[in-house]
Amino acid sequence: MGGVRLIILFDLDGTLIDSTEAILESFHNSFDHHNYLHVSDEKIKALIGHPLDIMYKELGVEEEKVWDFVQTYKEYYREISTQKTKLLPCAQEAIELASSFASLGIVTTKTGKYSQILMEHFDLMDKFDVLIGREHVTHPKPDAEPIVRALEAFDVSKKEVWMIGDTHMDMLCAQNAGVKSIGVTSGYEHEDELKKFTNILFNDAFQAVSYLKSRK
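Peer 1: Mind showing me how you'd approach the overall build of the protein here?
Peer 2: A tally of helices and strands in the protein yields 10 helices and eight strands. With the principal axes as the frame, the protein shows a C-alpha extent of 55 × 35 × 30 Å. Every one of the 216 residues in the protein was classed for burial, and the buried ones make up 52%. Relative to all contacts within the protein whose residues are 6 or more apart in sequence, the contacts with residues 24 or more apart total 66%.

See below:
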């Protein structure tokens, strides 16, 4: 990739994959396991993109019990994630197109270990040079750290860096790291909210990548 002048970093949930079913089922399993009152699917979905510990706190779990819930969630999610996660429409095409003219990375608040398993399940992990997950950083999105860590895998000199994501967390992470961002409306956040954080919006990752290719 000696001639590559572009680095594209992708979020996962809502940008490349749809793991809503696996996420919701894992949350409800953890509520059952800990005899906790269930919250609505809509409340859970509104928080997707945040780290699990933050999600549980926002859903009312006492702080001293949060990590017990997180551990229960992860143990269950690990068992069901590949069966109950799918690629979003045109995500594979987006990745294949992007890999033809850019170096690629994944920056997610999901657990990196399970994210890698998912992308290997879809036979797409080899398209990416780096994957940064929750366990790889101290400060997750919207902090700059996940992108800063991801860029350590690249020679960034004379390269343009873009982050593609579906929530304001992705946009703020990019802003804080000093890189450009594109919002996609294929995920969990409404277009009107995304417009507050980026002026470049597309329906999905394939349209976003096509835009970047057209700028070459």
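Peer 1: Honestly, the packing of helix H1 (residues 20-33) against helix H4 (residues 66-80) in this entry has me stumped. Any pointers?
Peer 2: Packed helices, taken two at a time, are described by the angle their axes make and the gap between the axes. As a packed pair, H1 and H4 sit with axes 8 Å apart at the nearest point and diverge in direction by 135°. Here H4 runs oblique to H1, going by the angle between their axes. Crossing hand, H1 versus H4: right-handed. On the side of H1, the interface is formed by Ala-22, Ile-23, Glu-25, Ser-26, Phe-27, Asn-29, Ser-30, Phe-31 and His-33, while H4 contributes Phe-69, Thr-72, Tyr-73, Tyr-76, Tyr-77 and Ile-80. Its residues placed into classes, the contact of H1 with H4 shows nine nonpolar, five polar and one charged.

Peer 1: Please explain the packing of helix H5 (residues 91-99) against helix H10 (residues 205-214) as it appears in this structure.
Peer 2: Two elements in contact, H5 and H10, have axes separated by 8 Å at closest approach and are oriented at 20°. Relative to H10, H5 is oriented roughly parallel. For the element pair H5 and H10, the recorded crossing hand is left-handed. Across from Glu-93, Ala-94, Leu-97 and Ala-98 in H5, the residues of H10 making contact are Ala-205, Phe-206, Val-209, Ser-210 and Lys-213.

Peer 1: Please clarify how the side chain of His-168 should be interpreted in this entry.
Peer 2: Here His-168 shows up in helix H8 (residues 168-177). When its relative accessible area of 19% is taken as the criterion, His-168 is described as buried.

Peer 1: Please explain the nonpolar core as it appears in this structure.
Peer 2: It is characteristic of soluble globular proteins that their nonpolar side chains tend to be buried jointly. Core analysis: the largest hydrophobic core is formed by 54 residues, its most contacted members being Ile-8, Phe-10, Phe-27 and Met-119. With six residues, H4 is the largest single contributor of residues to this core. One finds Ile-132, Ala-150, Leu-151 and Val-179 within the second-largest nonpolar core, a separate group that totals 15 residues.

Reading the values: rules and limits
- Residues numbered from 1 in each chain as written.
- Predicted model: local features only at pLDDT ≥ 70, side-chain atom pairs only at ≥ 80, totals over all residues.
- Heavy atoms only, no water.
- Helix = DSSP H or I, 4+ residues; strand = E, 2+ residues; numbered from the N terminus.
- Buried < 20%, exposed > 50% of the residue type's maximum accessible area, 1.4 Å probe, protein only.
- Contact = heavy atoms within 4.5 Å.
- Axes fitted to C-alpha atoms, helices over the stretch in contact; angles between N-to-C directions.
- Parallel < 35°, antiparallel > 145°, perpendicular 65-115°, else oblique.
- Left-handed = near helix turned anticlockwise from the far one by under 90°.
- Nonpolar A, V, L, I, M, F, W, Y, C, P; charged D, E, K, R; others polar.
- Core = buried A, V, L, I, M, F, W, Y, C linked by side-chain atoms within 4.5 Å.

All quantities given are derived from atomic positions and should not be read as evidence of function.
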